[in-house]
Amino acid sequence: MDFALDKKHEMARNLFKDFAENEVKPLAQEVDETETFPRETVDKMAKYGFLGIPVPKEYGGQGCDPLTYVMCVEELSKVCGTTGVIVSAHTSLCIDPILTYGTEEQKQKYLPKLASGEWLGAFGLTEPGAGTDAQGQQTKAVLDGDEWVLNGSKCFITNGKEANVYIIIAVTGTVEKRGRKQKEISSFIVEKGTPGFTFGTKEKKMGIRGSSTYELIFQDCRIPKDNLLGPKGKGFNIAMHTLDGGRIGIAAQALGLAEGALEATVSYVKERKQFGRTIAQFQNTQFQLADMATKVEAAKNLVYRAAMAKATQKSYSVEAAMAKLYAAEVAMEVTTKAVQLHGGYGYIREYDVERMMRDAKITEIYEGTSEVQRMVISGSLLK
Ligand SMILES: Cc1cc2nc3c(=O)[nH]c(=O)nc-3n(C[C@H](O)[C@H](O)[C@H](O)COP(=O)(O)OP(=O)(O)OC[C@H]3O[C@@H](n4cnc5c(N)ncnc54)[C@H](O)[C@@H]3O)c2cc1C
């Protein structure tokens with residue numbers, strides 16, 4: 001067991017860190033205030049290869065392991081939660097299922113453009129009536145000759161409207177399982193610009209406000225028969241497996257937010273004086289910081305371990321669920337304490353920690369709420 005990062009990973013981290021400090025941090029507050037998608041930053045990340053980190057070189061990617069990708073999301077999220085989730089949704093939720101389940105033709109068609117960042121990716125599973133209960137979805141796909149016809153809608157889709165390629169989960173019929181009728185669910189690749197595919201409501205959010213969260217609407221949207229991703233009827237399994245990987249990305253986002261808030265707080269308490277001393281000299285401050293740092297380190301170990309499990313194990317659901325559950329709760333706790341240690345200034349938008357606290361909350365909700373992660377973990381203990 002080796003806890004130290006090797007030279008290759010250290011070099012990659014320095015690259016991500018420099019980019020985050022120089023290109024992302026200066027814009028983070030404005031992106032949040034104006035709720036604008038940071039297109040220029042995304043274009044720059046594309047140039048640096050950040051949008052295809054785990055994609056094999058033969059498909060135009062960087063050919064790196066999941067840990068390198070996790071460190072990228074972590075470093076970006078230290079300064080801007082919005083930028084972290086853009087990379088995570090694109091990579092884990094769109095590239096990964098095409099890489100894992102796509103035919104050679106689908107890989108050749110989509111991966112090089114997604115890896116270079118010419119195209120951005122998104123994933124549509126959630127519907128108004130189907131969140132945690134993902135099988136409750138109503139969007140239908142019916143085969144008509146050489147085309148699938150999609151009807152229905154998806155809500156809360158990250159990278160919505162900005163993305164060019166969407167992985168869409170839809171009902172393709174019914175199947176009988178142990179005498180009971182069940183929905184048959186399949187997954188599809190849908191391109192922006194396809195007639196019948198439009199965007200509805202843009203959500204106004206508490207945090208990650210530069211991330212573009214949209215409703216997707218399908219009205220007799222015809223896509224080629226070959227855009228079925230993976231076997232017909234395996235869409236639910238594909239979605240769940242995709243979310244296992246996505247949860248590692250969100251865990252990395254949460255870790256970055258917690259680390260960013262801790263760093264900002266350590267510098268603040270060393271500067272701010274009350275009662276003739278820096279507030280760092282009060283034992284309460286020291287103990288709060290000690291607890292925050294210890295939890296951040298524990299979260300980091302779980303997140304990195306989940307990334308290693310993705311690289312080496314066929315199933316990594318539990319590792320991913322533990323990493324996401326713990327890192328998200330640590331992010332919420334650490335950012336809240338960071339605001340407290342900043343006093344009144346922590347509540348003022350000029351300081352980064354209030355934005356980090358707002359950004360942290362979503363990590364406990366999307367890609368499976370904390371309750372869902374607890375179901376996954378306890379399910380594996382009790383099976
Ligand atoms: C900003 C944002 C971005 C998102 N991006 C995407 C995306 O890109 N793609 C996508 O497909 N989805 C996306 N989502 C959707 C997200 O994954 C869902 O919101 C989330 O899974 C929860 O579903 P819900 O909102 O319907 O809540 P509900 O399922 O209604 O849950 C409400 C509460 O009830 C609890 N609950 C529900 N069922 C149970 C149970 N059986 N036992 C115990 N507790 C339970 C939940 O844990 C939660 O606390 C996004 C959401 C947001 C807000």
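Per chain, residue numbering runs from 1 following the sequence as it is written. Restriction of local features to residues with pLDDT of at least 70 applies here, the model being predicted, together with a cutoff of 80 or more for giving and counting side-chain atom pairs; totals for whole chains, interfaces and linings are based on all residues. Side-chain descriptors were evaluated using all non-hydrogen atoms of the structure, hydrogens and water having been removed beforehand.

The protein is annotated in an unreviewed UniProt entry as Alkylation response protein AidB-like acyl-CoA dehydrogenase from Catenibacillus scindens. UniProt positions are given in the numbering used here, feature names are shortened, and annotations may be inferred rather than shown by experiment. Checking UniProt for the protein, the heading Sequence similarities (unreviewed entry) contains the comment "Belongs to the acyl-CoA dehydrogenase family." As stated in UniProt under Cofactor (unreviewed entry), the record for the protein gives "FAD".

What follows is about the overall build of the protein. Only DSSP runs of H or I reaching four residues or more are called helices, and only runs of E reaching two or more are called strands; each is numbered from the N terminus. In terms of regular secondary structure, the protein is built from ten helices and ten strands. For the radius of gyration, the atoms used are the C-alpha atoms, and the globule rule reads 2.2 Å times the number of residues raised to 0.38. Taken over the C-alpha trace, the protein has a radius of gyration of 21 Å; the compact-globule value for 383 residues is 21 Å, and the two agree within 12%. Expressed as a percentage of its 383 residues, the buried residues of the protein come to 53%. Here, two residues are considered to be in contact whenever any of their heavy atoms come within 4.5 Å of each other. Pairs at least 24 apart in sequence give 74% of the contacts found in the protein among residues at least 6 apart. Burial status follows relative accessibility: with a 1.4 Å probe on protein chains alone, a residue under 20% of its type maximum counts as buried, one over 50% as exposed, and anything between as partly exposed.

Time to look at the environment of Glu-10. In this structure, Glu-10 sits in helix α1 (residues 7–34). By relative accessible area, which is 34% here, Glu-10 ends up partly exposed. Along the primary structure Glu-10 and Val-269 are separated by 259 residues, whereas in three dimensions their C-alpha atoms are 29 Å apart.

In this text, near means that some heavy atom of the residue lies within 4 Å of the molecule or strand in question. Taken together, 17 residues surround the ligand, and among them Thr-126, Thr-132, Phe-156, Thr-369 and Glu-371 come closest. A 3.5 Å cut-off defines polar contacts: any pair of N or O atoms within that distance qualifies, except that in protein one atom must be a possible hydrogen donor and the other a possible acceptor, and neighbouring residues in sequence count only when both atoms are side-chain atoms. For the ligand, a nitrogen atom lies 2.9 Å from a polar atom in the backbone of Phe-123. Note that an oxygen atom of the ligand is positioned 3.5 Å from one of the backbone N or O atoms of Glu-367. For the ligand, whose accessible area on its own is 980 Å², the fraction buried by protein is 63%. Of all the secondary structure elements, the ones that give two or more residues to the shell around the ligand are β1 (121–124), β3 (147–158) and α10 (370–382). The element best represented in the shell around the ligand is β3, accounting for three residues. Here the residues of the shell around the ligand are counted per class, giving eight nonpolar, six polar and three charged. Two domains each put at least three residues into the shell around the ligand: domain 2 (122–236) and domain 3 (243–382). To be clear on the numbers: accessible area is Shrake-Rupley with a 1.4 Å probe, and residue cover counts the displayed protein chains and nothing else. Classes in brief: Ala, Val, Leu, Ile, Met, Phe, Trp, Tyr, Cys and Pro nonpolar; Asp, Glu, Lys and Arg charged; the others, Gly included, polar. Each domain's limits were defined by an automated method or a database of domain assignments.

This next bit is on the pattern of salt bridges. Opposite charge on two side chains allows them to pair when their charged atoms are near. We define a salt bridge as a side-chain nitrogen of Lys or Arg found within 4 Å of a carboxyl oxygen belonging to Asp or Glu. Counted under the stated rule, the structure contains 24 salt bridges. One salt bridge connects Glu-162 with Arg-39, and the closest N-O pair in it is separated by 3.1 Å. Residue Glu-162 is located in the loop between β3 and β4 (165–177), and its partner Arg-39 is located in helix α2 (residues 39–48); the two are separated by 123 residues in the primary sequence. With a relative accessible area of 24%, Glu-162 lands in the partly exposed category. Overlapping salt bridges, with partners in common, bring together Arg-13, Lys-17, Glu-74, Glu-75, Lys-78 and Glu-263 in one network.

Splitting the protein by domain gives domain 1 (7–120), domain 2 (122–236) and domain 3 (243–382). In this structure, domain 1 and domain 2 have C-alpha centres spaced 23 Å apart. The interface of domain 1 with domain 2 comprises 27 residues on the first partner and 24 residues on the second. Summing both sides of the interface, domain 1 and domain 2 together bury roughly 2,100 Å²; the carbon and sulfur share of this comes to 57%. Accessible area that two parts lose when put together, evaluated with a 1.4 Å probe and summed over both, is termed the buried area.

For the rest of this paragraph, the subject is the UniProt feature "domain: Acyl-CoA dehydrogenase/oxidase C-terminal" (unreviewed entry) in the protein. As annotated by UniProt and renumbered to match this structure, "domain: Acyl-CoA dehydrogenase/oxidase C-terminal" (unreviewed entry) occupies residues 233–380. Annotated as residues 233–380, this span is 78% helix and 3% strand, and its ends, taken at the C-alpha atoms, are 24 Å apart.

We now examine the pairing of strand β2 (residues 140–144). Each regular strand carries side chains that alternate between the two faces of the sheet. Bridge count between β2 and β3: five bridges; the pairing is antiparallel. By the bridge assignment for β3, Ala-141 is matched with Leu-150. Strands qualify as paired when DSSP identifies two bridges or more between them.

Regarding α2, the residues found buried are Thr-41, Val-42, Met-45 and Ala-46. Down the axis of α2, the buried set is contained in an arc of 145°. They therefore lie on one face. In α2, those exposed residues whose orientation departs by more than 90 degrees from the buried face are Glu-40 and Lys-47. Next to the buried residues of α2 lie α1, α3 (66–79), α4 (81–101) and α5 (104–116). Of all possible arcs, the one meant is that of the directions from the helix axis to the C-beta atoms.

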